[in-house]
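Coordinates in review
Here are the chains, one letter per residue:
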Amino acid sequence: MCTENVELYNRFRECPESAKKKITGGNLNGKTDINPMWRIKRLTEEFGPVGFGWKIEIVNQWIEEGAEGVRVANVKINLYVKYNGEWSEAIPGIGGATLVDKQTKGLVTDDDAFKKAYTDAQSVACKALGIAADVYY
């Protein structure tokens, strides 16, 4: 194995305990959540300020209908990083979050759903670089 191919992955793979939080409910109960600001910090430490050393392009946003009135907001992004003075190809990420949820009191809308979906997409793209890989491994 060529060690230079996993150089970034190995630098990115560890996530400090301070950036982790146990998920205690829902479908992901027992899994670990990672602070999205920590990901932004790691990208900035490695590549420089957003817009100069890394950037995100929103490719698409859409809503999908689920069962019983549930609706999901989805966002597709492309992450780009400047590595060794050269911009990367697009690193895609797709994320989603519940926009309209069925709860005991009826249907409830989350006005932060697209923001949450964007953050989720960002985490998916960062995973491809190895950011917090040890958590997902």
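Residues numbered from 1 in each chain as written. Predicted model: local features only at pLDDT ≥ 70, side-chain atom pairs only at ≥ 80, totals over all residues. Heavy atoms only, no water.

1. As for the nonpolar core
By size, the foremost hydrophobic cluster in this structure holds 22 residues, and its most contacted members are W38, L43, F47, L79, V81, L129 and I131. Breaking this core down by element, the ones donating at least two residues are α1 (7-12), α2 (36-47), β4 (71-83), β6 (91-103) and α3 (113-129). Looking at this core, the element that brings in the most residues is α3, giving five residues. Ignoring any residue separated from it by four or fewer positions in sequence, one finds W38 in contact with F12, E14, C15, P16, A19, I131 and A132. (Core = buried A, V, L, I, M, F, W, Y, C linked by side-chain atoms within 4.5 Å. Buried < 20%, exposed > 50% of the residue type's maximum accessible area, 1.4 Å probe, protein only. Helix = DSSP H or I, 4+ residues; strand = E, 2+ residues; numbered from the N terminus. Contact = heavy atoms within 4.5 Å.)

2. As for the environment of K21
On the secondary structure map, K21 appears in strand β1 (residues 20-22). Residue classification places K21 among the exposed residues on the basis of a relative accessible area of 58%. Separated by 14 residues in the primary sequence, K21 and N35 place their C-alpha atoms 7.7 Å from one another.

3. Re the layout of surface pockets
Looking at the largest pocket, its volume works out to about 1200 Å³. Looking at the largest pocket, it is lined by 31 residues, and the ones nearest its centre are I23, L28, D33, G96 and D120. For the lining of the largest pocket, the elements supplying multiple residues, two or more each, are β2 (32-34), α2, β6, β7 (106-109), α3 and α4 (133-136). Grouping the constituent residues of the lining of the largest pocket by class yields ten nonpolar, twelve polar and nine charged. (1 Å grid on protein atoms, 1.4 Å probe; cavity = no way out; pocket = protein on both sides within 12 Å on 5 of 7 lines; lining within 4 Å. Points joined across faces, edges and corners; volume = space filled by probe spheres on them. Nonpolar A, V, L, I, M, F, W, Y, C, P; charged D, E, K, R; others polar.)

4. Comments concerning the packing of aromatic side chains
Counting across every chain of the model gives one aromatic pair. Seen in terms of ring centroids, F12 and F47 are 6.0 Å apart; in terms of plane orientation they differ by 55°. Their pairing is tilted. With F12 in helix α1 and F47 in helix α2, this pair connects stretches of sequence that are 35 residues apart. On the basis of relative accessibility, which here comes to 0%, the residue F12 falls in the buried class. Above the plane of the ring of Y80 lies K55, whose end atom (NZ or CZ) is 5.7 Å from the centre. Lying across the ring of W87, K55 places its NZ or CZ 4.5 Å from the centre. (Phe/Tyr/Trp six-rings, centres within 6.5 Å; stacked < 30°, edge-to-face > 60°. Lys NZ or Arg CZ within 6 Å of the ring centre and 35° of its normal.)

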